[in-house]
Amino acid sequence: RYQECQGRRMDGEQKQVAHSLQFRLSLWLSLSVLVVATLGAAIAFFSAYQEAHESQDDNLRQVANLFDENHLPSDSFSGLVERKSNDEDSRILVQLITATQSNISVPPLNLKSSINTGMHTVILGTDKYRVWVKRLNATQKIAVAQSTEVRNEIALDDAQHALVPFVFLLPALLVLIQVLMKNMFRPIALLT
């Protein structure tokens, strides 16, 4: 009887050791996957966010390239073209800047003729804009602008979309690890 009790006790200890090893291995693999996935998600998020901003800068440049000294707005142009659609996110402001304005700012962007060509982030009143300024000729420049608030919303939306694979695949991977560990340790459990 004593040997029978000892045998049962040893079987229990062996199962406990096998279970403990399986648990520890599953835990460490799961934690490793979580750490790597979190780093990957962070990199994907910030990369997509940055890429969205670069793409929006390219859009401003492309709109400015639609204008040259042979293709200017008509004489009735008041200094601003505001392209609106049903989607407020696509709102882009275009302003013609002439040397005759001197350093007088022209609403609504209130840009002075002395503004340098290139990409700028300017604060106009309470709003912040990303502005691309292109020289058309010796006396004229074109400014294409978009609100940074709108740009940040678009970039954040794009960055969140980059996280979708992580959100769906990470739980599936963690479940798969648990199933594989259980199946891999089944022969050891049977052997014990």
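Just so it is clear, the structure is predicted and the values come from calculations on it, not from any experiment.

Right, let's talk about the nonpolar core for a bit. Formed by L93, I97, L109, L111, I115, V122, L124, Y129, V131, V133, A143 and A145, the largest nonpolar core amounts to twelve residues. Looking at this core, the elements that each hand over two or more residues are strand 2 (92-98), strand 3 (118-124), strand 4 (127-135) and strand 5 (140-147). Element by element, the count of residues in this core is highest for strand 4, at three residues. Look past the residues within four positions of V122 in its chain and what remains in contact with it is L111, D127, K128, Y129 and V131.

Moving on: the packing of aromatic side chains. Enumeration according to the criterion identifies two aromatic pairs in this entry. For the ring pair F45 and F46, a centre distance of 5.3 Å and an interplane angle of 90° mean the geometry is edge-to-face. Ring geometry for F45 versus Y49: centroids 6.4 Å apart, planes at 10°, classification stacked. Placement of both F45 and Y49 in helix 1 (residues 2-65) is noted, with a separation of four residues, approximately one turn of the helix. Among the aromatic residues, ring-to-ring pairing joins F45, F46 and Y49 into one connected group. The residue whose ring lies beneath R61 is W132, and the NZ or CZ to ring-centre distance is 4.9 Å.

Following the sequence through the fold, S147 ends up in strand 5. You can call S147 buried: its relative accessible area is 17%. Side-chain polar atoms of S147 contact the backbone nitrogen of E149, separated by 3.2 Å. When near neighbours in sequence (up to four residues on either side) are disregarded, S147 contacts K128 and Y129.

Further remarks concern the pattern of salt bridges. Applying the stated criterion across every chain, the model contains three salt bridges. Close ionic contact of R130 with D57 constitutes a salt bridge, the shortest N to O distance being 3.2 Å. Note that R130 is positioned in strand 4 and D57 in helix 1, a separation of 73 residues in sequence. According to the relative accessible area criterion, R130 is partly exposed, its value standing at 21%. For D57, the salt bridge goes to R151, with nearest N and O atoms at 2.7 Å. Taken together, the residues span a long stretch of sequence, with D57 in helix 1 and R151 in helix 2 (residues 148-162) at a distance of 94 residues. For the pair D57 and R151, one class covers both residues: buried. Members of the salt-bridge network, linked through shared partners, are D57, R130 and R151.

Quick notes on the rules
- Residues numbered from 1 in each chain as written.
- Predicted model: local features only at pLDDT ≥ 70, side-chain atom pairs only at ≥ 80, totals over all residues.
- Heavy atoms only, no water.
- Core = buried A, V, L, I, M, F, W, Y, C linked by side-chain atoms within 4.5 Å.
- Buried < 20%, exposed > 50% of the residue type's maximum accessible area, 1.4 Å probe, protein only.
- Helix = DSSP H or I, 4+ residues; strand = E, 2+ residues; numbered from the N terminus.
- Contact = heavy atoms within 4.5 Å.
- Phe/Tyr/Trp six-rings, centres within 6.5 Å; stacked < 30°, edge-to-face > 60°.
- Lys NZ or Arg CZ within 6 Å of the ring centre and 35° of its normal.
- Polar contact = N/O pair within 3.5 Å; in protein donor to acceptor, adjacent residues only side chain to side chain.
- Salt bridge = Lys/Arg side-chain N within 4 Å of Asp/Glu carboxyl O.

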